[in-house]
Each structure stands twice: as C-alpha cells, then as structure tokens.
Amino acid sequence: MDAPALRRDVRTRFFIISDTHGHELSSKYDEHADVAIHCGDLTTESKIQEFRTAIDLIKSINAPLKLVIAGNHDFTMDIPMFQRKVREANPPLNPDLVRREYGDYGEVRKLFDEAKDNGIIFLDEGTHTFSLPNGTSLKVYASPYTPSLGDWAFQYHPEVGHNFALGNDVDVVITHGPPRGIMDMAYSGERAGSPALFEAIARSRPRMHCFGHIHEGWGARLVSWRRKISEKPSHLTDIDNGSSTVVANLSHITPETGMEKSTTSHCTGDTNPLTAGSQTLFVNAAFEGTEDLPTQPPWLIDIELSLVA
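Quick caveat: nothing in here was measured; it's all calculated off a predicted structure. (Residues numbered from 1 in each chain as written. Predicted model: local features only at pLDDT ≥ 70, side-chain atom pairs only at ≥ 80, totals over all residues. Heavy atoms only, no water.)

1. A look at the sheet that holds strand S5 (residues 126-131)
Point 1. An order of S5-S6-S9-S10-S14-S11-S12 is seen for the 7 strands of this open sheet, with the pairing classed as mixed. Sheet topology places S5 and strand S12 (245-249) at the edges, where each strand pairs with a single neighbour. Taking each pair of neighbouring strands and ignoring which way they run, the sheet shows an average axis angle of 15°.
Point 2. Both strand S9 (residues 172-175) and strand S10 (residues 208-211) contribute to a ladder of 3 bridges, which runs parallel. Each residue of the ladder has a partner; that of Val172, found in S10, is Met208. (Pairing = 2+ DSSP bridges. Helix = DSSP H or I, 4+ residues; strand = E, 2+ residues; numbered from the N terminus. Axes fitted to C-alpha atoms, helices over the stretch in contact; angles between N-to-C directions.)

Written out as structure tokens, the structure is:
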C-alpha cells in the first residue's frame, strides 16, 4: 500500500492591484511575484484605448501568471449592459463613433485573449484552478459583481443580493468590491461592502480575499474567525477582533511614502503568520487615490500554498 502524499506549504508571492483607471505603473514596481492580481476597474470610461493601456500595465508586472477581473467602470465587458447603454442613449449614438471609441461588442475580450501569451488570464465569475511554477496549486474564486442602485457594469440590487458560490477549498478570492464591514468605509461614512459577500467569505474562510472599488478603504487586515460561524454571518458577530490585526491602512502612508510598495509576509515564522482555516487576509488594493495622494501602493503579499510531494 502506497504511503499517503505529504503536504507541505510553500511561500508564494502575490502582486495585487485594483482600480488603476488608466493610470500607468511606475517602473519601480518590478520585483518578481509568482502571481499578479488585478481586481477590476481597469478603466474610467471603458474606452478601447483605456483597455489597451491597462493591458500594457499588466504586461509590465513581473509575474508569470496575471489574473484579471472586470469592475463596474469596465462596462463594455458586460455586453448586455453595454448594449443597453447604446440602445437607451438619447439622442441616438452614431454607431461608427461608438465602434471607434469603445470597440465592437466583445472586442475588449479579444484583446485579453491575445494577451494570454503574456501570462494574462481574464477571469469570468466562478472557480478557477492554476498550477504555479513553484509547484503549488492555486484555486481562485472570482467575481466582478458589486451591489448598487446605479447604472454600472456587473452590479446587482442590494435588496436582491447575489450568489457568491464559494467552495470550502478556495485559496484566494478575487472580487471587485469589498465584503460588508472590512475596508469598505466610504467618504460618506457609510459602509459600501456586500453583506452577501461577507457571508460567503465567512463560511469559506479562504487564505486571502483581495478587492478594491472603495478607494478610501485601501489597506490590509488579517482577520481571525470565531470558532463557530453564525447561521447568517456578519462582521459584527463572526470576527474575533481581539485576535485580528490591521496590517496597514491609509493612515500609514503619506504623499512622500505613497508610491512605495506595501510588502507584507504572512508565512510560518513571520510576524503575523496566517493560519489557514481560522484566518483570512483581506487586502483592499485600490491604486487610484486623491489629489493629495493620486496613487496608492500596490501590494506584495507572501502567503503559503500547499504543495503535494
């Protein structure tokens, strides 16, 4: 009888960014990562040239695998929404002008298909598995959907909710928006995160959940879960705040330091090691900032993934 395979964890580096909105990436962000992640809002107006700029940005990241999702500003990738916007425009739009500025329906997706040779993979909603060069297997759940009453892409009515179908064996969750209660406080003082997303994350407990959307929520927090999760999980009841750690937020950066990479490691033996199954590292990686701080640091995050030997 064969001996069971031994499982051990391997340090894996992630470059995480979101909400670039047409910004370029400084050449100082050239450190190698195993996986790069872009959490959506590649553009501001979803124009075809903005997507080309965003793809060039992603190509410049030093990682063999680059995972990308859409955000609410990337409405031409939500083809039914794009068609509706064109159809409902008053006065009617010139088709040639629409094609020149935004491309044909599905043209942006073709740009990403052509970028696969550069390691860029555009993710639709769902679960995806990848074999990494360091010998680990990465299972990702991705979703571009955010709650809103507005007229943007990949959105749902807050009262209707959304089914974030996470399994219990997902390593990393990539969404455009935050879960309710975690780095989701808007300038208005109101929380803008999704309760449905928080419920799904609390039940699944992935190693890491990265997102953007709420620019002022930039930061990272290592959350410890309570031993028993509620029937209807909430950030008010299911987080062990006493054992959780704020890794960084906007109070930690200034206009002088804002362009430096934010590098943290959560592996065995590090200052804040991540315990799989009982903790989740949440990362808001919104890159676009304010007039005082136009861009916010991308993240370099080390976590451990399982290797079957």
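The discussion continues.
2. Focus: the UniProt feature "domain: Calcineurin-like phosphoesterase" (unreviewed entry) in the chain
Point 1. As recorded in UniProt, the feature "domain: Calcineurin-like phosphoesterase" (unreviewed entry) lies at residues 13-216.
Point 2. Secondary structure across residues 13-216 divides into 24% helix and 20% strand, with the first and last C-alpha atoms of the span separated by 25 Å. (UniProt positions renumbered as here; feature names shortened; annotations may be inferred.)

3. Here's the deal with the packing of aromatic side chains
Point 1. Tallying each qualifying case throughout the model produces 10 aromatic pairs.
Point 2. When the centroid spacing of 4.9 Å and the interplanar angle of 75° are considered together, the rings of Phe82 and Tyr105 count as edge-to-face. Of the two residues, Phe82 sits in helix H2 (residues 79-88) while Tyr105 sits in the loop between helix H3 (95-102) and helix H4 (107-114), which places them 23 residues apart along the sequence.
Point 3. Judged by relative accessible area, which is 2%, Phe82 ranks as buried.
Point 4. Seen from their ring centres, Tyr145 and Phe154 are 5.7 Å apart, and the 85° between their planes marks the pair as edge-to-face.
Point 5. Of the residues examined, Tyr145 reaches a relative accessible area of 25% and is grouped as partly exposed.
Point 6. A relative accessible area of 11% means that Phe154 is categorised as buried.
Point 7. Through pairs of rings, three or more aromatic residues link up here, namely Phe75, Phe82, Tyr102 and Tyr105.
Point 8. Between Lys85 and the ring centre of Phe75, over which it is positioned, the NZ or CZ distance is 5.1 Å. (Phe/Tyr/Trp six-rings, centres within 6.5 Å; stacked < 30°, edge-to-face > 60°. Buried < 20%, exposed > 50% of the residue type's maximum accessible area, 1.4 Å probe, protein only. Lys NZ or Arg CZ within 6 Å of the ring centre and 35° of its normal.)

4. Here we look at empty space enclosed by the protein
Where empty space is left in the structure can be found by rolling a water-sized probe over the atoms.
Point 1. Taken as a whole and judged by the stated rule, the model has 1 cavity of 30 Å³ or more.
Point 2. Approximately 40 Å³ is the volume found for the largest cavity.
Point 3. As for the largest cavity, its lining consists of Tyr145, Thr146, Pro147, Gly177, Pro178, Ala192, Ser194, Leu197 and His213. (1 Å grid on protein atoms, 1.4 Å probe; cavity = no way out; pocket = protein on both sides within 12 Å on 5 of 7 lines; lining within 4 Å. Points joined across faces, edges and corners; volume = space filled by probe spheres on them.)

5. Some details on helix H5 (residues 195-204)
Point 1. H5 sits mainly inside the fold: 7 of its 10 residues count as buried.
Point 2. Within H5, the full set of buried residues consists of Leu197, Phe198, Glu199, Ala200, Ile201, Ala202 and Ser204.
Point 3. In this fold, the buried residues of H5 make contact with S9, S10 and strand S14 (279-284).
Point 4. Residue Ser194 occupies the N-cap position of H5, its side-chain oxygen lying 3.3 Å from the main-chain nitrogen of Ala196.
Point 5. Note on H5: the residue one or two positions beyond its end, Arg205, has a positive phi of about 55°. (Contact = heavy atoms within 4.5 Å. Polar contact = N/O pair within 3.5 Å; in protein donor to acceptor, adjacent residues only side chain to side chain.)

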